[in-house]
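So you can see what is in the structure, the chains are spelled out below.
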Amino acid sequence: MTAMRRATGAAGGARRLEGRLVALGVTGSIAAYKAVELLRLLTAEGADVVVLLSASAARFVGPLSFAALSRHPVETELMELLPDGRIGHVVIADSADAIVVAPATAHWLGAMANGLAGDVVTAACLATSAPVVVAPAMDGDMWTHPATRSNVARLRDAFGYAVVEPGSGPLASGQSGVGRLAELPAIVDAVVAAIGDRPVRQPAVDARPPLVAGLPREADLVGRHVVVTAGGTREPIDPVRYIGNRSSGKMGVAIAEAALDRGASVTLIAADVSVPLPDERARVVRVETTGQLRGALLEALFGGGGGGGAPSPLAARFDALVMAAAVADFTPAAPADRKLARGESLSLELRPTPDLLAEVARIVRGLDGEGSETREPVTPTPLLVGFAAETGSLERAGAKLRAKRLDLLVANDVAEAGSGFGTDTNRVVILDAAGGRDELPLLSKREVADRILDRVAGALDDRDAASQTAGMQEASR
Ligand code: PMT
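Residues numbered from 1 in each chain as written. Predicted model: local features only at pLDDT ≥ 70, side-chain atom pairs only at ≥ 80, totals over all residues. Heavy atoms only, no water.

Draft legend 1. The site of the ligand, seen in detail. Residues in close proximity to the ligand total 30 residues, the closest being Ser-247, Ser-248, Lys-400, Asn-412 and Gly-422. One of the backbone N or O atoms of Leu-357 is found 2.9 Å from an oxygen atom in the ligand. Lys-404 has a polar side-chain atom sitting 2.9 Å from an oxygen atom of the ligand. Protein chains bury 96% of the 770 Å² of accessible surface belonging to the ligand in isolation. Among the elements of the structure, helix H10 (250-261), helix H12 (356-364) and strand E16 (383-390) are those that each provide at least two residues to the shell around the ligand. In terms of residue count, E16 provides more of the shell around the ligand than any other element does, four residues in total. (Near = heavy atom within 4 Å. Polar contact = N/O pair within 3.5 Å; in protein donor to acceptor, adjacent residues only side chain to side chain. Areas by Shrake-Rupley, 256 points an atom, 1.4 Å probe, with all protein chains shown as cover. Helix = DSSP H or I, 4+ residues; strand = E, 2+ residues; numbered from the N terminus.)

This is the structure in structure tokens:
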């Protein structure tokens, strides 16, 4: 399984940089290697981190480590444009909630104090109106030199930068003195304090630095059959009218496309959607109502009715189900077969629809309607992933995961701007059956899809490894 980010910060408390974009400027000191750990601590506090690397810093630590950990391309070249034509350090300057320069060398302090924008870190600091935190690191004599003292004073007093003073101890020169990069938690605290309760500067994904488009996930779903549902079901009132919802299908289609790109064979069951479907690469089944969705689902998963009360274990026809569709919870009890005439008023009797995901989970786990075991679970055990559309709070999501007996539940607040129905972005929390909670920042739906599939691919690999070990133990008896 991939490493999980928890809802707690490094110190175990609430994550203090949730939803923030922090730019980490790294300059050419031996302490540059510590910036990798600083990135990790900022991320653990919930920040989305983008790294600016000076040319000399890149001689100490290569951009690949930073790109892999931050999932953003690393900004190294002042004169290079982003693939979409934007100027990288300006995008960062305009969208970051804070810039932290750590380690900051004596040379960089001098350049910054004089506004010499010869590298991406200085250029971003000059171009930003976000708070800037500077953590110097250098030899002791360099730190006490009047030039450095006056540069630091200018940054602090004239520019309003927060300076996290270096600590004392053994230095790279072999001497001992003041000049060591401050302890990393103190730098994180300074970033949190500098941002304070300022509003998030740029929540729109398009205005933020791009994500690493590459880091193409490996083909880690080859040989897997992934079933995805997308869009909103429509429940007919009469031949003309229906009860529907706002789902566009973007989330479900993004998951189907991401799974295809990772080598899975995909069945996409699409209810009402407003986006193109990958019908050349996936098996696409179109449905309209919850009843039709149920039929298509049982057919794709089990080849029909799910084995009823059959005692023998059912073989799974799928490895994972991701249920992103917005399924109607109620349907008209008696839809009219002719168009209803306009009248004074209209009362509709609605009856609840079956909970499709809970039904699939019961079949997979060999349970009856009351939750008692009636037969062997389906083998090999497929992974069940649900979504939860909540408004205001995601508190009920954990109860949904347990009630529906799911492996993973992706909760989104559909009332939040940029999240949920119809948007190109989503902010989700992934809950798992073991009690884990992975809070993701606002991301494109495609990136959310890949983060979900990272978990799915890892869990399927774990499942196969466990069954292989069990098989070997059985054989050796
Ligand atoms: O399509 P988009 O515009 O991109 O929007 C994406 C989305 C908001 C629709 C998606 O991210 C999402 O949240 N989908 C689930 C919506 C939903 O039905 O949530 P729910 O909390 O009501 O249901 C919980 C889970 O049970 C869901 O996986 C749902 O598919 C499933 N369910 C619900 C009712 C029902 N009768 N049967 C079900 O299987």
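Moving on from the model shown.
Draft legend 2. Representation of the confidence of the model for the protein chain within the structure. Here the protein chain averages 91 in pLDDT, while 95% of its residues score no lower than 70. Between residues 1-8, whose pLDDT stays under 50, and residues either more than four places distant or in other chains, the model counts 28 contacts. (pLDDT = per-residue confidence, 0-100. Contact = heavy atoms within 4.5 Å.)

Draft legend 3. Quick look at the side chain of Ser-29. With respect to the secondary-structure elements, Ser-29 resides in the loop between strand E1 (21-26) and helix H1 (34-44). With relative accessibility at 9%, the residue Ser-29 sits in the buried group. Engagement of the side chain of Ser-29 in a polar contact is seen with the backbone nitrogen of Ala-31, the distance being 2.8 Å. Those residues in contact with Ser-29 that lie beyond four places of it in its chain are Phe-60, Pro-103, Thr-105 and Ala-137. (Buried < 20%, exposed > 50% of the residue type's maximum accessible area, 1.4 Å probe, protein only.)

Draft legend 4. Quick look at the packing of aromatic side chains. Scanning the entire structure with this criterion turns up two aromatic pairs. Between Phe-159 and Tyr-161, the aromatic rings sit 5.5 Å apart at their centres with planes inclined by 70°, giving edge-to-face as the arrangement. With a centroid separation of 5.9 Å and an interplanar angle of 85°, the aromatic rings of Phe-302 and Phe-318 are classed as edge-to-face. Residue Phe-302 is located in helix H11 (residues 290-302), and its partner Phe-318 is located in the loop between H11 and strand E13 (320-323); the two are separated by 16 residues in the primary sequence. Comparing Phe-302 with Phe-318, the two get one shared label, buried. In this structure, Arg-149 is placed above the aromatic ring of Trp-143, and the distance from its NZ or CZ to the ring centre is 4.5 Å. (Phe/Tyr/Trp six-rings, centres within 6.5 Å; stacked < 30°, edge-to-face > 60°. Lys NZ or Arg CZ within 6 Å of the ring centre and 35° of its normal.)

Draft legend 5. Summary view of unusual backbone geometry. In the segment running from Ala-102 into Pro-103, the intervening peptide bond is cis, with an omega of -5°. Relative to the assigned elements, Pro-103 resides in strand E3 (residues 98-104). The amide bond that connects Thr-379 to the next residue, Pro-380, takes the cis arrangement and shows omega of -15°. As for its placement among the helices and strands, Pro-380 is situated in the loop between H12 and E16. A positive phi angle, close to 65°, is found at Arg-71, a residue other than glycine. Mapping Arg-71 onto the fold places it in the loop between helix H3 (63-70) and helix H4 (88-95). Despite not being glycine, Arg-405 shows a phi value in the positive range, around 55°.

Draft legend 6. Spatial organisation of a nonpolar patch on the surface. A cluster of nonpolar side chains, contributed by Phe-330, Leu-346, Leu-348 and Leu-350, occupies part of the molecular surface with about 380 Å² of accessible area. Among the secondary structure elements, Leu-346 is positioned in the loop between strand E14 (330-332) and strand E15 (350-352). (Patch = residues over 30% accessible without salt bridge, like charges linked within 9 Å, V, L, I, M, F, W, Y side chains within 5 Å. Salt bridge = Lys/Arg side-chain N within 4 Å of Asp/Glu carboxyl O.)

Draft legend 7. Helix H9 (residues 184-195), seen in detail. When the terminal C-alpha atoms of H9 are compared, their 17 Å separation across twelve residues agrees well with the 16 Å that a helix rising 1.5 Å per residue should span. Buried residues of H9: Leu-184, Ile-187, Val-188, Ala-190, Val-191, Val-192 and Ile-195, and no others. On the buried face of H9, the contacting elements are E1, H1, E3 and strand E4 (132-136). Positioned one or two residues after H9, Gly-196 has a phi angle of 55°, which is positive. (Expected span 1.5 Å × (residues − 1).)

Draft legend 8. Summary view of the packing of H10 against helix H14 (residues 445-475). Two numbers describe how H10 lies on H14: the axes approach to 8 Å, and their chain directions differ by 55°. The orientation of H10 relative to H14 falls into the category oblique. Both H10 and H14 take part in a crossing whose hand is right-handed. Of the residues in H14, those touching H10 at Lys-250, Met-251, Ala-254, Ile-255, Glu-257, Ala-258, Ala-259 and Asp-261 are Lys-445, Arg-446, Val-448, Ala-449, Asp-450, Ile-452 and Leu-453. In the contact of H10 with H14, the residues fall into nine nonpolar, no polar and six charged. (Axes fitted to C-alpha atoms, helices over the stretch in contact; angles between N-to-C directions. Parallel < 35°, antiparallel > 145°, perpendicular 65-115°, else oblique. Left-handed = near helix turned anticlockwise from the far one by under 90°. Nonpolar A, V, L, I, M, F, W, Y, C, P; charged D, E, K, R; others polar.)

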